[in-house]
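Coordinates in review
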Amino acid sequence: MSDEVNENPSMTYYVIASVFLVWNLIGLMFYYQQMTMTPEIMQAADMTPAQMAWMEATPVWANAAYATAVTLGVLASILLLLRNSLAFPAYAVSFVCIILQDIESFVLRSPSEAWGSGAYIIPVLVFAIAIIEIWYSKSVANRYYR
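What follows concerns the pattern of salt bridges. For the coordinates displayed, the defined rule picks out one salt bridge. Here Glu104 makes a salt bridge to Arg109, at a shortest N to O gap of 2.7 Å. There is no split in this pair, since Glu104 and Arg109 are both buried.

Right, let's talk about the environment of Ser137 for a bit. Along the chain, Ser137 falls in helix α7 (residues 121–139). The exposure class assigned to Ser137 is buried, which follows from its relative accessible area of 0%. Placed 52 residues apart in sequence, Ser137 and Ser85 show a C-alpha to C-alpha distance of 8.5 Å.

Quick look at the nonpolar core now. Membership of the largest hydrophobic core comes to 18 residues, with the highest contact counts inside it found for Tyr13, Phe20, Leu80, Tyr91, Tyr136 and Val140. Going through the elements one at a time, α1 (11–35), α4 (60–81), α5 (87–107) and α7 are the ones with two or more residues in this core. In terms of residues, this core owes the most to one element, α5, which gives six residues. If sequence neighbours within four positions are ignored, Phe20 has contacts with Ser77, Leu80, Tyr91, Ile132, Glu133 and Tyr136. If you look at the next biggest cluster of nonpolar residues, it comprises six residues, including Met47, Met52, Met55 and Ala114.

Remark: α1 packs on α4, axes separated minimally by 8 Å, with the N-to-C direction vectors making an angle of 155°. The orientation of α1 relative to α4 falls into the category roughly antiparallel. The handedness of the crossing between α1 and α4 comes out as left-handed.

Let us now look at the packing of α1 against α7. Running from N to C, α1 and α7 point in directions that differ by 145°, and their axes come no closer than 12 Å. As α1 packs across α7, the resulting crossing turns out to be left-handed. Judged by residue contacts, Thr12, Tyr13, Ile16, Phe20, Trp23 and Asn24 of α1 engage Leu125, Val126, Ile129, Ile132, Glu133 and Tyr136 from α7. Classifying every residue of the contact of α1 with α7 gives nine nonpolar, two polar and one charged.

Another aspect to go through is the side chain of Asn24. Mapped onto the fold, Asn24 is located in helix α1. The exposure class of Asn24 is buried, given its relative accessible area of 8%. Within the structure, the side chain of Asn24 is placed 2.8 Å from the backbone oxygen of Phe20, a separation counted as a polar contact. Reaching out from Asn24, the side chain makes a polar contact with the side chain of Ser77 at a distance of 3.1 Å. Filtering out sequence-adjacent residues up to four positions away, Asn24 remains in contact with Val70, Gly73, Val74, Ser77, Tyr91 and Glu133.

What counts, and where the lines are drawn
Residues numbered from 1 in each chain as written. Predicted model: local features only at pLDDT ≥ 70, side-chain atom pairs only at ≥ 80, totals over all residues. Heavy atoms only, no water. Salt bridge = Lys/Arg side-chain N within 4 Å of Asp/Glu carboxyl O. Buried < 20%, exposed > 50% of the residue type's maximum accessible area, 1.4 Å probe, protein only. Helix = DSSP H or I, 4+ residues; strand = E, 2+ residues; numbered from the N terminus. Core = buried A, V, L, I, M, F, W, Y, C linked by side-chain atoms within 4.5 Å. Contact = heavy atoms within 4.5 Å. Axes fitted to C-alpha atoms, helices over the stretch in contact; angles between N-to-C directions. Parallel < 35°, antiparallel > 145°, perpendicular 65-115°, else oblique. Left-handed = near helix turned anticlockwise from the far one by under 90°. Nonpolar A, V, L, I, M, F, W, Y, C, P; charged D, E, K, R; others polar. Polar contact = N/O pair within 3.5 Å; in protein donor to acceptor, adjacent residues only side chain to side chain.

The following block contains the structure:
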């Protein structure tokens, strides 16, 4: 992959990269909220005992995968805005962490018992957007990256 700028990006490039950054910052915010949630906050949020047990039973390695996924997603988005060729590998590693987290959440446990059938909507959306981020960062690599 060339590190030389081949042409100037269009405004669309910056809009898409900015949307990716906002999306990943929202993910980072949700991670922070989840990690700082106390039993009192869970009760105040009207979580059921099953939902509270689900949150408390999440293993450290799954939380670490979540933290790495959102942090690398933010970093990758910043790198994309800066037209840096490291955006693609950062998105790729973030995606691997998403898969690890989803294995814990959907293979090793069943979220529908605690959260209902809607438990799959956001993770599917996260998975799809991560694929789009990887594809986009790779597709613009030869045109825009430094």
